[in-house]
Amino acid sequence: MAASGPDDNPAAAADEGARTAAALAIELRTLRITDPLHWLVAGWRDFLRCPGIGLFYGGCFALMGWALIGVYQHAPAYVLALSAGFLLTGPFLCLGLYQASRRLEAGEKPDLGESLLAWDRKLSTLAIFGFVLLVLEMLWGRASLIVFAVSFDGMPDFKGSLLALLDPENINFIVAYVLVGAVFAGLIFSISVVSIPMILDQQTDAITAGLTSMRLVLTQPGVMLCWGAVITVLIVLAMLPGFAGLLLAGPVLGHASWHAYRGAVVVGSEAAANA
């Protein structure tokens, strides 16, 4: 029996074509290379306007980091794979920060309880998108374990020292791990950079949001590469003092990501006004 495909199901093919057309029809603004700095400033401003909410989510990010340190003492190879989950759980934890920035933008006072339930109205769409990111994170984790095992011919014991991984003798591992991580991190960043705040803000589906996010990255790679570099550098620096820096860097980047979405994507009402 021949396998069926999109051509064998006209309704499915039409639905997929409609979603692709919808994603391509969404207007994107032309960004400047300095825009990421403006997003950061706006994120810091939002944090100062609702510091309690920001510190709550920052504390969640820091706790995740401390949990990884605890796991590392017993299974260093697995914590390297699990660390990829930061890019998976981060955007969803930031949902509450997106909601807070959304309220501030509307001139309203954000509420912690409401931010914690921001996912409730878009549960099905976010679940689909989360499943896609989960699959990518699992593939990343598996690839990380394979690189680890091949590079060291097994799972060695580093006696709890992360610095042992950076030994010049482990250069092959470092290069392979960074390359694999860069591929998966770039893919996850491309799919999610504006999609989750877009799902929260608009009546859209996961595929349209993901395609819009990828189109933004592909059409304006310089600005988005700069934004990705800013996020990476700030997170790495925030992790150095025992993850304590995530108390501030986490919420500021969360709020800034909302402003990145608002600065890059023209929502329906704005598009109609400009027509």
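This is a predicted model, so every value here is computed, not measured. (Residues numbered from 1 in each chain as written. Predicted model: local features only at pLDDT ≥ 70, side-chain atom pairs only at ≥ 80, totals over all residues. Heavy atoms only, no water.)

Re the packing of helix α9 (residues 171-192) against helix α11 (residues 206-219)
For step 1, the next point in the chain: Their axes nearest at 6 Å, the elements α9 and α11 cross at an angle of 115 degrees. With respect to each other, α9 and α11 are oriented roughly perpendicular. Residues F189, S190, I191 and S192 of α9 touch α11, and the partners they reach there are G210, S213, M214 and V217.
For step 2, the next point in the chain: Split into classes, the residues belonging to the contact of α9 with α11 amount to four nonpolar, four polar and no charged. (Axes fitted to C-alpha atoms, helices over the stretch in contact; angles between N-to-C directions. Helix = DSSP H or I, 4+ residues; strand = E, 2+ residues; numbered from the N terminus. Parallel < 35°, antiparallel > 145°, perpendicular 65-115°, else oblique. Contact = heavy atoms within 4.5 Å. Nonpolar A, V, L, I, M, F, W, Y, C, P; charged D, E, K, R; others polar.)

Focus: the UniProt feature "transmembrane region" (unreviewed entry) in the protein chain
For step 1, the next point in the chain: UniProt tags residues 54-72, 78-98, 126-151, 171-200 and 221-249 as "transmembrane region" (unreviewed entry).
For step 2, the next point in the chain: Between the C-alpha atoms that bound residues 171-200 the distance is 42 Å, and the span itself is 93% helix and 0% strand.
For step 3, the next point in the chain: Helix makes up 79% of residues 221-249 and strand makes up 0%, while its end C-alpha atoms are separated by 24 Å. (UniProt positions renumbered as here; feature names shortened; annotations may be inferred.)

Quick word on the packing of helix α12 (residues 221-239) against helix α13 (residues 246-264)
For step 1, the next point in the chain: At a minimum axis distance of 9 Å, the contact between α12 and α13 shows a crossing angle of 165 degrees. If you check the angle between α12 and α13, you find them roughly antiparallel. You can see that α12 and α13 cross each other, and the crossing is left-handed. Facing W227, I231, L234, I235, A238 and M239 of α12, the residues of α13 in contact are L246, A249, L253, A256, S257 and A260.
For step 2, the next point in the chain: Here the residues of the contact of α12 with α13 sort into eleven nonpolar, one polar and no charged. (Left-handed = near helix turned anticlockwise from the far one by under 90°.)

Regarding the side chain of Q220
For step 1, the next point in the chain: Position of Q220 relative to the elements: it lies in the loop between α11 and α12.
For step 2, the next point in the chain: Of the residues examined, Q220 reaches a relative accessible area of 14% and is grouped as buried.
For step 3, the next point in the chain: A distance of 2.6 Å separates the side chain of Q220 from the backbone oxygen of R29, its partner in a polar contact.
For step 4, the next point in the chain: When near neighbours in sequence (up to four residues on either side) are disregarded, Q220 contacts R29, T30 and L31. (Buried < 20%, exposed > 50% of the residue type's maximum accessible area, 1.4 Å probe, protein only. Polar contact = N/O pair within 3.5 Å; in protein donor to acceptor, adjacent residues only side chain to side chain.)

Here's the deal with the nonpolar core
For step 1, the next point in the chain: Of all hydrophobic cores here, the largest spans 54 residues; its most connected members are M224 and W227.
For step 2, the next point in the chain: Element by element, the count of residues in this core is highest for α13, at nine residues.
For step 3, the next point in the chain: Those residues within four positions of W227 in sequence are excluded, and the remaining contacts are P36, W39, L40, F189, V193, L253, A256, S257 and A260. (Core = buried A, V, L, I, M, F, W, Y, C linked by side-chain atoms within 4.5 Å.)

Looking at the side chain of S101
For step 1, the next point in the chain: With respect to the helices, strands and loops of the structure, S101 is situated in helix α6 (residues 95-105).
For step 2, the next point in the chain: Classification of S101 as buried rests on a relative accessible area of 1%.
For step 3, the next point in the chain: Within the structure, S101 has its side chain in polar contact with the side chain of D46 (distance 2.8 Å).
For step 4, the next point in the chain: When sequence neighbours within four positions are dropped, the list of residues in contact with S101 reads D46, H255, W258 and H259.

Things to note about the pattern of salt bridges
For step 1, the next point in the chain: For the structure on display, the rule yields five salt bridges.
For step 2, the next point in the chain: When the shortest N-O distance is used, the salt bridge between R103 and E114 registers 2.5 Å. Pair noted here: R103 is in helix α6 and E114 is in helix α7 (residues 112-116), with a separation of eleven residues, a long-range link.
For step 3, the next point in the chain: Accessibility expressed as a relative area gives 24% for R103, which makes it partly exposed.
For step 4, the next point in the chain: Judged by its relative accessible area of 27%, E114 is partly exposed.
For step 5, the next point in the chain: Residues joined in a network through salt bridges with shared partners are R103, E108 and E114. (Salt bridge = Lys/Arg side-chain N within 4 Å of Asp/Glu carboxyl O.)

A few points about α11
For step 1, the next point in the chain: End to end, α11 covers 20 Å across 14 residues, agreeing with the expected 20 Å (1.5 Å per residue, within 8%).
For step 2, the next point in the chain: Listed as buried for α11 are A206, T208, A209, G210, T212, S213, R215, L216 and V217.
For step 3, the next point in the chain: Here α11 starts with a cap whose side-chain oxygen sits 3.1 Å from the backbone nitrogen of I207, and that cap is D205. (Expected span 1.5 Å × (residues − 1).)

With respect to helix α2 (residues 35-49)
For step 1, the next point in the chain: In a regular helix each residue adds 1.5 Å, so 15 residues correspond to 21 Å; α2 covers 21 Å between its end C-alpha atoms and thus fits that length.
For step 2, the next point in the chain: Listed in full, the buried residues belonging to α2 are D35, P36, W39, L40, A42, G43, D46 and F47. Viewed along the axis of α2, the buried residues span an arc of 165 degrees, placing them on a single side of the element. For α2, the exposed residues lying more than 90 degrees away from the buried face are L37 and L48. (Arc of directions from axis to C-beta.)

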